[in-house]
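A structural walkthrough
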Amino acid sequence: MRLVFLGPPGSGKGTQSKRLVEHLHILHLSTGDMLRAVVTQDTEIGRAAAQSMATGWLVPDALVVKLVKDRFREPDVQNGFLIDGFPRTVAQAAAFEEYLAETQRPLSGVLELRVPLEELVSRLAGRGRKDDTPEIVRERQGIYRQKTQPLVDFYRQRKLLFPIDGLGTSDEVFERIIETVTGLKP
Ligand code: AMP
């Protein structure tokens, strides 16, 4: 199974991704986690990533695409994956689609976790991560709507989009995800 997990900051995407990969026994990739590891290094990509992440802005497409492609060269990706936090722009989605086609690994589906904006803001206020100050939260929501929301259409046109209602308890949402994934080709 090869899955992309879309959803705005605060949608529960991280938590649900972790549960789903344990359930499906597939690899979990998160560009947020990969980038947080990269910023600890004093490299060009580390410095560029640190600057973007501290402000809630997106790291430049070329850097993130390279990071993902390098990771996909590792053999453990062969058995399927769930990637969360990527793609985040149409340019990333197009580059990823091309790469997956070249390597003959088409996506099984794209899960889109849907949560209304008011609910997101109140959830994020209680999270306490370093890049969760009110200003950065607002910035990241704006960027999501502007840059990432267009991916919903991108994947809908490819008949890969599976929207999921993200309201309710974690168990209720997980149940819906499992139902959706059960209907997908392996
Ligand atoms: P996340 O953990 O997914 O919320 O990502 C944290 C931060 O890492 C984001 O606010 C961005 O600055 C950066 N980031 C993560 N994934 C990407 C991506 N696919 N493209 C650009 N920036 C990203």
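Structural data are supplied above this passage.
Predicted model only: the values in this text are computed from it and were never measured.

1. Points about the environment of threonine 180
- On the secondary structure map, threonine 180 appears in helix H9 (residues 170–182).
- Counting along the chain gives 153 residues from threonine 180 to leucine 27, while the straight-line C-alpha distance between them is 19 Å.
- The contacts of threonine 180, once residues within four sequence positions are left out, are Leu111, Phe162 and Ile164.
- One polar contact links the side chain of threonine 180 to the main-chain carbonyl oxygen of arginine 176, over a distance of 2.9 Å.

2. Considerations on the pattern of salt bridges
- For the structure shown, the criterion picks out 11 salt bridges.
- We note a salt bridge from arginine 36 to aspartate 33, for which the minimum N-O separation is 3.0 Å. With a gap of three residues between them, arginine 36 and aspartate 33 both fall in helix H2 (residues 31–38), about one helical turn apart.
- Residue classification places arginine 36 among the partly exposed residues on the basis of a relative accessible area of 34%.
- Its salt-bridge partner being arginine 73, residue aspartate 70 comes within 2.9 Å of it at the nearest N-O pair.
- The class for arginine 73 is exposed, based on a relative accessible area of 56%.
- Residues joined in a network through salt bridges with shared partners are Lys66, Asp70 and Arg73.

3. As for the site of the ligand
- As a structural note, the neighbourhood of the ligand is formed by 15 residues, with Thr31, Arg36, Trp57, Gly85 and Gln92 the closest of them.
- Between valine 59 and the ligand, the recorded distance is 3.0 Å, taken from a backbone N or O atom to a nitrogen atom.
- Within the side chain of arginine 140, a nitrogen or oxygen atom sits 3.0 Å from an oxygen atom of the ligand.
- When isolated, the ligand has an accessible area of 480 Å², and the protein chains bury 96% of it.
- It is H2 that provides the largest number of residues to the shell around the ligand, a total of four residues.
- Here the residues of the shell around the ligand sort into seven nonpolar, four polar and four charged.

4. What to know about the packing of helix H7 (residues 134–148) against helix H8 (residues 150–157)
- Running from N to C, H7 and H8 point in directions that differ by 35°, and their axes come no closer than 5 Å. Taken together, the residues of H8 that come into contact with H7 (itself represented by Arg145, Gln146, Lys147 and Thr148) are Pro150, Leu151 and Val152.
- When the residues that make up the contact of H7 with H8 are grouped by side-chain class, the tally is three nonpolar, two polar and two charged.

5. Some details on the packing of aromatic side chains
- Under the counting rule described, the total for this entry stands at six aromatic pairs.
- With centroids separated by 5.0 Å and ring planes inclined at 85°, the aromatic side chains of phenylalanine 154 and tyrosine 155 adopt a geometry described as edge-to-face.
- Sitting over the ring of phenylalanine 154, arginine 158 keeps its end group 3.6 Å from the ring centre.

6. A word on unusual backbone geometry
- In this chain, phenylalanine 86 is followed by proline 87 through a cis amide linkage whose omega measures -5°.
- The phi dihedral of glutamine 104 is positive, around 55°, even though this residue is not glycine.
- Assignment of secondary structure puts glutamine 104 in the loop between helix H5 (90–102) and strand S4 (109–114).

Procedures and definitions
Residues numbered from 1 in each chain as written. Predicted model: local features only at pLDDT ≥ 70, side-chain atom pairs only at ≥ 80, totals over all residues. Heavy atoms only, no water. Helix = DSSP H or I, 4+ residues; strand = E, 2+ residues; numbered from the N terminus. Contact = heavy atoms within 4.5 Å. Polar contact = N/O pair within 3.5 Å; in protein donor to acceptor, adjacent residues only side chain to side chain. Salt bridge = Lys/Arg side-chain N within 4 Å of Asp/Glu carboxyl O. Buried < 20%, exposed > 50% of the residue type's maximum accessible area, 1.4 Å probe, protein only. Near = heavy atom within 4 Å. Areas by Shrake-Rupley, 256 points an atom, 1.4 Å probe, with all protein chains shown as cover. Nonpolar A, V, L, I, M, F, W, Y, C, P; charged D, E, K, R; others polar. Axes fitted to C-alpha atoms, helices over the stretch in contact; angles between N-to-C directions. Phe/Tyr/Trp six-rings, centres within 6.5 Å; stacked < 30°, edge-to-face > 60°. Lys NZ or Arg CZ within 6 Å of the ring centre and 35° of its normal.

Worth remembering: the numbers are spatial, not functional.
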